[in-house]
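Breakdown of the fold
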Amino acid sequence: MKTGILLINLGTPDSPSTRDVRKYLREFLMDPEVIDINPVARWLLVNLIIAPFRAPKSAKLYEKIWTKEGSPLLIYGNALTQKLQHSLGEDYVVKLAMRYRNPSIRNVLREMMKENVEKIIAVPLYPQYASSSTGSTITRLEKEIAAQKITVPVKIISRFHQRREYIDAVAAGAGSFDLSQYDHVLFSFHGVPERHITKTDAKLGNGKCYFGNCCDTIHAGNEFCYRANCLATAHDVARKLSLSPEKYTISFQSRLGRTPWIRPYSDEIIAELAQKGKKKILAFSPAFVADCLETIYEIGVEYDELFRRNGGEKVQLVPSLNADDSWVAALQKIILS
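Presented here is an overview of the structure given in this document. In this text, all values refer to a predicted model and were calculated from it rather than measured experimentally. (Residues numbered from 1 in each chain as written. Predicted model: local features only at pLDDT ≥ 70, side-chain atom pairs only at ≥ 80, totals over all residues. Heavy atoms only, no water.)

Buried residues dominate strand 1 (residues 2-11), accounting for 8 of its 10 residues. One ladder, built from 7 bridges, connects strand 1 with strand 3 (residues 117-124); its direction is parallel. When the bridges of strand 3 are listed, Ile5 appears paired with Ile121. The pairing of strand 1 with strand 2 (residues 92-100) spans 8 bridges and is classified as parallel. For Ile8, the partnering residue across the bridge sits in strand 2 and is Ala97. (Buried < 20%, exposed > 50% of the residue type's maximum accessible area, 1.4 Å probe, protein only. Helix = DSSP H or I, 4+ residues; strand = E, 2+ residues; numbered from the N terminus. Pairing = 2+ DSSP bridges.)

Encoded structure:
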């Protein structure tokens, strides 16, 4: 009997073609945990506005990061899976699934059950808990478990943003950079709409979040608050790197639409830092364990260009954990614990 290890990331288009990007966007954005509005309004928004007009633009961006082997997110995910399988040994079955598109949670679960596993440990690969990523993935996983009548025990690791092993691995990513050569360090996390935070807060019965210093420390009342999770990660990594508070900034990227998202916004911070005379920025994106469009292109290209336009010289992206050996070892410890 073996233990199944199910790694789950968000997903990627099957190819950078407009057709495949449109399929990905539709599946992703039709998720009620992602665009949490009236179902009819969501269908109209996604199928008549976002997918038709955003897909061609997004496809061009995916083409810029696509490799001969395929999507970086999938490549790194497969490499991580293989390394973790080798490290854990034959008593474990390690597989990778995606919340959206392929390989699907449904198909990977079927494959895993054919290998006679006696229990499953599922790891959504989002360090910080958010309803639109972790919550949605857990919901889909539970539905598939019920649909396939899987009866073996399933343990879900819902977040690991403050695990020492994860923090050490993120901090180790800066090892190839001389911190003294950079004027500032930016921790840029993927953003979410403010209403996602307040809804989660309301479900926990904590009253209305006011997006202030209530997020400065993690406690029982905010342990599932995405913003609090992100701040905790950044502060822990900063302490590991011996960064004083004035040497780093925490911000949020990738906002979509006109509704308020959690602040401050990364693009605005980038412009402000350049205007204040900062010349070189070292940028982490700790919400992603694998490099993807949001890290490689949004930070590495778009933010670098924005910084230069405002008087700066360079935004240097710290690579994500990807399939680095330190991350493989850290993830193994998190799973086995």
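Here the narrative resumes.
The subject of this paragraph is the packing of helix 2 (residues 39-65) against helix 10 (residues 293-309). Packing of helix 2 against helix 10 leaves a shortest axis separation of 10 Å and a crossing angle of 95°. By the criterion of interaxial angle, the relationship of helix 2 to helix 10 is roughly perpendicular. Between helix 2 and helix 10, the contacting residues are Leu61, Tyr62, Lys64 and Ile65 on the first element and Leu293, Ile296 and Tyr297 on the second. Residue classes in the contact of helix 2 with helix 10 are distributed as 6 nonpolar, no polar and 1 charged. (Axes fitted to C-alpha atoms, helices over the stretch in contact; angles between N-to-C directions. Parallel < 35°, antiparallel > 145°, perpendicular 65-115°, else oblique. Contact = heavy atoms within 4.5 Å. Nonpolar A, V, L, I, M, F, W, Y, C, P; charged D, E, K, R; others polar.)

Here we have 4 strands laid out as an open sheet, ordered 2-1-3-4, and parallel in their pairing. Of all strands in the sheet, those with a lone pairing partner are strand 2 and strand 4 (154-156), marking the two edges. Across this sheet, the average inter-strand angle for adjacent strands is 20°, counted without regard to direction. Relative to strand 2, helix 4 (residues 105-113) is tilted by about 165°, and along the sheet it contacts strand 1, strand 2 and strand 3.

So, on to the nonpolar core. Counting residues in hydrophobic clusters, the biggest one holds 60 residues, and the most contacted among them are Leu7, Phe187, Tyr226 and Trp327. Top element by residues in this core is helix 8 (residues 226-240). It accounts for 7 residues. Residues in contact with Phe187, not counting those within four places in the same chain, are Ala234, Val237, Ala238, Leu243, Tyr248, Thr249, Ile250, Ser251, Phe284 and Pro286. By size, the runner-up hydrophobic cluster in this structure holds 16 residues, among which are Tyr24, Leu25, Phe28 and Tyr100. (Core = buried A, V, L, I, M, F, W, Y, C linked by side-chain atoms within 4.5 Å.)

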